[in-house]
Amino acid sequence: MASTSDGDRPWQSYHTVFTNAKAGMDGVDKEKVQKTVYEMSKGSKYFENEQRKEAFIKQKIENLRAQCAQITANDISYFQTIADKKMSELEASRDLSKIWLHSDMDAFYASVETLVDPSLNGKPLAVGSMSMICTANYMARKFGVRAAMPGFIARKLCPELIFVPPDFKKYTFYSELTRKVFPKYDPHFIATSLDEAYINVTEICNERGISGGEVAEELRNTIYEETGLTCSVGVAPNRLLAKVCSDINKPNGQFVLPNDRRAVMTFISSLPIRKIGGIGKVTESMLREVLGISTCEEMVHKSAHICALFSHSSSDFFLSVGLGLGKTDTPQFKMRKSISSERTFSATEDESLLYQKLDEIAETLSNDMHKEDLSGRTLTLKLKTASFEVRTRAVSLQKYINSKQDILSHASKLLKAELPLSLRLMGRKPCLTPRQLLNHCLYLEQMVASLVYMILIYA
DNA sequence: ATACATACC
DNA sequence: CACTGGTATGTAT
């Protein structure tokens, strides 16, 4: 376990997400990046909060381990029966008749900025600020700079790094250009963000008698002609696998996984679970440290343990991943379930300033809701303290609301109720720790059933 | 229904 | 100096 002591290399135990294998990060000196990120973060409030979160996750893993140790041979045979039944049901649902593309623009925001200002060409570029980077171009990634990294750390890793502030109008414009291409291949394509989409090309392939790979080639060329931007594409029998595939030959590349069960199983057999959308840092650690699972195939090997330790929805998901399954249908209509607005500002203990911030957020939220003719009846206030601790407080109302005044009055009540509480929490160390609120955010949430009601009112 | 955590871009 | 913002979903109570 402890083959190296943290005393010698403390940065090794700081589990940032910044050193994961990611497209364009091949030749990066991970040790150096890890060390720099650690050095820049250590001692900060943010860092301390991360340590707290890590300790919590470690505890969760310990609990799971203990649970795992209690499982008897009898239990295992019982859960193996459950797992086998689940897997045969899943297997029966396997659909290899569809060909899905996942299209993913390469370093999208950075590429758009370079397209608009060619003088940026050939330079390491980050879109974002000293606080946060949205996207880094491939040259910057060579230094370990990447999305979700704070800019001041990125500049340490790459002093030449050029920063460009985000301009979502531009990205939306180019996103719309790409979205004019997709319908030629699938009128019901699914856009998941400004730079990503799923395209069902089954019919086009049949009509024109060409392969998914050929469609992908053509689509990438068309997107380049229409936008001047490159993208990468994955081709696979389902959306989950197509997404994994689009990352394989990034940038400006594609990868085809044929519609063949053997090919899928071979692909899955060595695929690290972290490559799967929905399996992040925490889930990866849990599965690896409790059950020794690191590849998708091992989900099947440990299926009994998975069913014994995890909920139905989790175990169903893990087993389907182990079998290389994913969604193959096009959901008819995706309705939004929530709308939110949040803003980070420098920590303050001034209550009138907090109410002023709340006012601004309520205004933004109300405007956003009116744009889409939405209203909701569950309002959530989100607060982040100066120590990065996040709290949420919610109320469900009798009526649906969307006016600034309604939002503000209910949110203010929620905030008011918190202010003495944060004072009490800090009560142990009087004067020294003011009730600072770094950040507060406002959510208006809508229940699924409520949305139907809303449409009746507003549509 | 509420609170909190995880994940994705 | 400086660690986002928007949405969905899972887990626990």
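Residues numbered from 1 in each chain as written. Chains lettered and ligands numbered in written order. Predicted model: local features only at pLDDT ≥ 70, side-chain atom pairs only at ≥ 80, totals over all residues. Heavy atoms only, no water.

Under an unreviewed UniProt entry, the name given to chain A is DNA polymerase kappa, and the source organism is Acorus calamus. Listed in UniProt under the heading Subcellular location (unreviewed entry), the comment for chain A reads: "Nucleus". Under the UniProt heading Cofactor (unreviewed entry), the note attached to chain A is "Mg(2+)". (UniProt positions renumbered as here; feature names shortened; annotations may be inferred.)

Generally speaking, a soluble globular protein has its nonpolar side chains buried in company with each other. In this structure, Leu-291, Met-299 and Phe-310 are the most contacted members of the largest nonpolar core, which totals 41 residues. Elements supplying a minimum of two residues to this core: α2 (45-69), α3 (73-92), α10 (239-246), α11 (261-269), α12 (281-291), α14 (303-309) and α15 (312-322). No other element matches α10, which puts five residues into this core. Dropping the residues within four chain positions of it, Leu-291 is found in contact with Cys-68, Met-286, Lys-302, His-305, Ile-306, Leu-309 and Phe-310. (Core = buried A, V, L, I, M, F, W, Y, C linked by side-chain atoms within 4.5 Å. Buried < 20%, exposed > 50% of the residue type's maximum accessible area, 1.4 Å probe, protein only. Helix = DSSP H or I, 4+ residues; strand = E, 2+ residues; numbered from the N terminus. Contact = heavy atoms within 4.5 Å.)

Another point: α2. Between its terminal C-alpha atoms α2 stretches 36 Å, which fits the 36 Å expected from 25 residues at 1.5 Å a residue. Taken as a whole, α2 has its buried residues at Phe-47, Asn-49, Glu-50, Glu-54, Ile-57, Ile-61, Leu-64 and Cys-68. Buried residues belonging to α2 abut α1 (30-41), α12 and α14. (Expected span 1.5 Å × (residues − 1).)

The positions that UniProt labels "domain: UmuC" (unreviewed entry) are, in the present scheme, residues 100-280. Taken end to end, residues 100-280 has its terminal C-alpha atoms 23 Å apart, with 41% of it in helix and 19% in strand.

A few words now on the packing of aromatic side chains. In total, this model carries 13 aromatic pairs according to the counting rule given. Consider the rings of Phe-173 and Tyr-174, whose centres lie 5.1 Å apart with planes at 85°: the pair is edge-to-face. What makes Phe-173 partly exposed here is its relative accessible area of 46%. Judged by its relative accessible area of 14%, Tyr-174 falls in the buried class. Clustering of aromatic rings is evident, with ring pairs tying together Phe-108, Tyr-109, Phe-168 and Tyr-171. In this structure, Arg-141 packs its charged tip against the face of Tyr-138, placed 4.3 Å from the ring centre. (Phe/Tyr/Trp six-rings, centres within 6.5 Å; stacked < 30°, edge-to-face > 60°. Lys NZ or Arg CZ within 6 Å of the ring centre and 35° of its normal.)

The next thing to look at is unusual backbone geometry. Cis geometry is adopted by the peptide bond preceding Pro-251, which originates at Lys-250 and carries an omega value of -10°. The backbone phi angle of Ala-107 is positive, close to 40°, even though this residue is not glycine. In this structure, Ala-107 sits in the loop between β1 (100-105) and α4 (108-116). Even without glycine at this site, Ala-148 takes up a positive phi of about 75°. Residue placement: Ala-148 occurs in the loop between α5 (138-141) and α6 (151-157). The class of Ala-148 is partly exposed, set by a relative accessible area of 45%.

Quick look at the pairing of strand β3 (residues 133-136) now. As judged from the three bridges shared by strand β2 (residues 125-128) and β3, these two strands associate in the antiparallel manner. The partner of Val-127 across the bridge, within β3, is Thr-135. Hairpin connection between β2 and β3: a loop of four residues separates the two successive antiparallel strands. (Pairing = 2+ DSSP bridges.)

It is worth spelling out the protein's contact with DNA strand C at this point. Within the structure, DNA strand C sits among 26 residues, and Ser-41, Ser-314, Arg-336, Ser-340 and Thr-344 are positioned closest to it. Considering DNA strand C, the proportion of its atoms within 4 Å of the protein that are sugar or phosphate atoms stands at 63%. Within the side chain of Ser-41, one N or O atom sits 2.2 Å away from a base nitrogen of DNA strand C. At 3.4 Å, a backbone N or O of Ser-131 approaches a sugar or linking oxygen of DNA strand C. The set of elements that each furnish at least two residues to the surface near DNA strand C consists of α6, α15 and β9 (338-348). Top contributing element to the surface near DNA strand C by residue count: β9, with seven residues. (Near = heavy atom within 4 Å. Polar contact = N/O pair within 3.5 Å; in protein donor to acceptor, adjacent residues only side chain to side chain.)

Looking now at the sheet that holds β2. The three strands are arranged β3-β2-β4 in an open sheet whose pairing can be described as mixed. Both edges of this open sheet fall to β3 and β4 (162-164), since each of them pairs with a single strand only. Sheet twist, expressed as the average angle between the axes of neighbouring strands with direction ignored, equals 30°. Taken strand by strand, α4 contacts β2, β3 and β4, and its axis lies near 110° from that of β2. (Axes fitted to C-alpha atoms, helices over the stretch in contact; angles between N-to-C directions.)

Further remarks concern the pattern of salt bridges. Summed over the entire model, instances satisfying the criterion amount to 24 salt bridges. Between Lys-86 and Asp-316 there is a salt bridge, with the nearest N and O atoms lying 2.9 Å from each other. Placement of Lys-86 in helix α3 and of Asp-316 in helix α15 is noted, with a sequence separation of 230 residues between them. By relative accessible area, Asp-316 is classed as partly exposed at 34%. Connected through shared salt-bridge partners, Glu-91, Arg-94 and Arg-261 make up one network. (Salt bridge = Lys/Arg side-chain N within 4 Å of Asp/Glu carboxyl O.)

Bridge count between strand β10 (residues 376-385) and strand β11 (residues 390-401): eight bridges; the pairing is antiparallel. Residue pairing in the sheet places Lys-384 in a bridge with Val-390 of β11.

Let us look at the packing of α10 against α11. Running from amino to carboxyl end, α10 crosses α11 at an angle of 55°, the nearest separation of the two axes being 13 Å. One way to sum up the angle between α10 and α11 is to call them oblique. The crossing of α10 and α11 is left-handed. Two secondary-structure elements touch here, α10 through Leu-241, Val-244 and Cys-245 and α11 through Val-264, Phe-267 and Ile-268. Looking at the contact of α10 with α11 residue by residue, the class counts come to six nonpolar, no polar and no charged. (Parallel < 35°, antiparallel > 145°, perpendicular 65-115°, else oblique. Left-handed = near helix turned anticlockwise from the far one by under 90°. Nonpolar A, V, L, I, M, F, W, Y, C, P; charged D, E, K, R; others polar.)

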